[in-house]
Amino acid sequence: LSSTLTTRGTMNTLSTDSIRQILAKNPRHAIYDETLMPAGVMVLIYPKHNDTCILLNKRTDTVEHHKGEISFPGGSRDKNDKTLLDTALRETEEEMGILARDIEVLGELDDTPTSSHFLITSYVGTIPADYGFSPSSIEVEEVIEVPLKSLIDDSNMRSEVQIVDGALKHSPTYVYNGHIVYGATARILYRFLQLLRSVSDKETP
C-alpha cells in the first residue's frame, strides 16, 4: 500500500509499515463493561486505481441490527470465536467475501461503545488492490469504497450535537456520494483519521 495524504498543508506518504507503526505507538484503549455485547470490525485501507480507499458497506433492511446504516465489515462475537479478531475476520468474510488469509492486520483502534449496547473492538488491515468482493445479498445492500482524500476533506465532515445525560456531546458525521456515516462507525473513522494525520512527512522510522 502506497499513497499520499494531504493534511494541514503538508504531503504525507502512507504505507503499511507507517500505519502499523503509528498504531503500535497509540495502543488500543480497552473498555471493560460486561453489560455490553462484544463485537469486532475490520477497518480496511487499500489501494484502488490511483487512490487509497477505506471499505464500508450499507446494511440491508433485513439484518437484525442497524438496518440500512453505513458500517465497517464486522459483527457480534460468536461462541466459536476465540478472539474478537477472529470475529472481525469471520464477519468480514461472511459479509464481503474477503478471505481471512488475504487480510494483513496492521493493528487495533480504541474500543467503541454504541447506543445499541455493543462494545466494538476495531482492527485495521489491508487487502490487495482490485480485490474481488462477493458481498452477501442478505447483509449488504451496497459496497462503499470511500477514497481517503474525500474523508480528509473537511467539507465532507459535520459535527452533530446531541444531549447525552444532560450534557452536549459532539459526534463526527461524514458525507460521501449521498451517504451519511454517523454513530460508532463515524467515531471509529474519526479516530483512525486522527492517527493518520499524525504521521510525519517522512516514513515513521
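About the cut-offs
Residues numbered from 1 in each chain as written. Predicted model: local features only at pLDDT ≥ 70, side-chain atom pairs only at ≥ 80, totals over all residues. Heavy atoms only, no water. Helix = DSSP H or I, 4+ residues; strand = E, 2+ residues; numbered from the N terminus. Contact = heavy atoms within 4.5 Å. Polar contact = N/O pair within 3.5 Å; in protein donor to acceptor, adjacent residues only side chain to side chain. Phe/Tyr/Trp six-rings, centres within 6.5 Å; stacked < 30°, edge-to-face > 60°. Buried < 20%, exposed > 50% of the residue type's maximum accessible area, 1.4 Å probe, protein only. Core = buried A, V, L, I, M, F, W, Y, C linked by side-chain atoms within 4.5 Å. Salt bridge = Lys/Arg side-chain N within 4 Å of Asp/Glu carboxyl O. Expected span 1.5 Å × (residues − 1).

> It is not clear to me how unusual backbone geometry should be interpreted in this structure. Could you clarify?
Only a minority of non-glycine residues have a phi that is not negative, and only a minority of peptide bonds are not trans. At histidine 117, a position not held by glycine, the phi torsion is positive, near 75°. Position of histidine 117 among the secondary structure elements: in the loop between strand E8 (112-113) and strand E9 (118-126).

> Looking at this model, I keep getting lost on the environment of aspartate 110. Mind explaining?
Relative to the helices and strands, aspartate 110 is located in the loop between strand E7 (104-108) and E8. Taking C-alpha positions, aspartate 110 is 8.6 Å from isoleucine 120, a pair spaced 10 residues apart along the chain. Once you skip the residues sitting within four places of it in the chain, aspartate 110 turns out to touch Pro27, Arg28, His29, Ile120 and Arg191. Within the structure, aspartate 110 has its side chain in polar contact with the backbone nitrogen of histidine 29 (distance 2.9 Å).

> I would appreciate a short explanation of the packing of aromatic side chains in the present structure.
Pairs of aromatic rings are described using the distance from one ring centre to the other and the angle between the two planes. Overall, the coordinates contain 2 aromatic pairs when judged by the stated rule. With a centroid separation of 6.3 Å and 75° between ring planes, the pair formed by tyrosine 46 and phenylalanine 133 is classed as edge-to-face. Here tyrosine 46, found in strand E3 (residues 37-48), pairs with phenylalanine 133, found in the loop between E9 and strand E10 (140-147); they are 87 residues apart in sequence, far enough to count as distant. Judged by relative accessible area, which is 2%, tyrosine 46 ranks as buried.

> Looking at this structure, I do not really get the nonpolar core. What am I missing?
As a rule of thumb, nonpolar side chains are buried together in soluble globular proteins. Membership of the largest hydrophobic core comes to 32 residues, with the highest contact counts inside it found for Ile19, Ile54, Val124 and Phe192. For this core, the elements supplying multiple residues, two or more each, are helix H1 (16-24), E3, strand E4 (51-59), E9, E10, helix H3 (148-151) and helix H4 (183-197). Looking at this core element by element, the count peaks at 8 residues for H4.

> What am I meant to see in the side chain of serine 18 here?
Along the chain, the position of serine 18 falls in helix H1. Looking at serine 18, its side chain comes within polar contact range of the main-chain nitrogen of serine 15, at 2.9 Å.

> Hey, could you run me through the pattern of salt bridges in this one?
Two side chains that carry opposite charge are able to pair once their charged atoms sit near each other. Per the counting criterion, the structure on display carries 11 salt bridges. Lysine 149 is paired through a salt bridge with aspartate 51; the nearest N and O atoms lie 3.3 Å apart. Within this pair, whereas lysine 149 is found in helix H3, its partner aspartate 51 is found in strand E4, the two being separated by 98 residues in sequence. Judged by relative accessible area, which is 55%, lysine 149 ranks as exposed. Owing to a relative accessible area of 26%, aspartate 51 belongs among the partly exposed residues under this scheme. Residues joined by salt bridges that share partners form a network here, namely Asp81, Arg90, Glu91 and Glu94.

> What exactly am I supposed to notice about helix H2 (residues 84-96) here?
The α-helix winds at 3.6 residues per turn, so residues separated by three or four positions along the chain end up facing the same way. With 13 residues, H2 extends 18 Å between its outermost C-alpha atoms, agreeing within 8% with the 18 Å of an ideal straight helix rising 1.5 Å per residue. Regarding H2, the residues found buried are Leu84, Thr87, Ala88, Leu89, Glu91, Thr92, Glu95 and Met96. Summarising the contacts, the buried residues of H2 are in contact with E3, E4, strand E6 (74-76), E9 and E10. The backbone nitrogen of leucine 85 has a side-chain oxygen 3.3 Å away, supplied by the residue at the start of H2, namely threonine 83. Just downstream of H2 lies glycine 97, where phi reads positive at about 75°.

> Even after reading the chapter, I still don't get the environment of tyrosine 190, so can you show me in this structure?
If you trace the backbone, tyrosine 190 turns up in helix H4. Classification of tyrosine 190 as partly exposed rests on a relative accessible area of 33%. Residues tyrosine 190 and tyrosine 174 lie 16 residues apart in sequence; the distance between their C-alpha atoms is 9.1 Å. Here tyrosine 190 is in contact with Met157, Pro172 and Tyr174, once residues within four sequence places are set aside.

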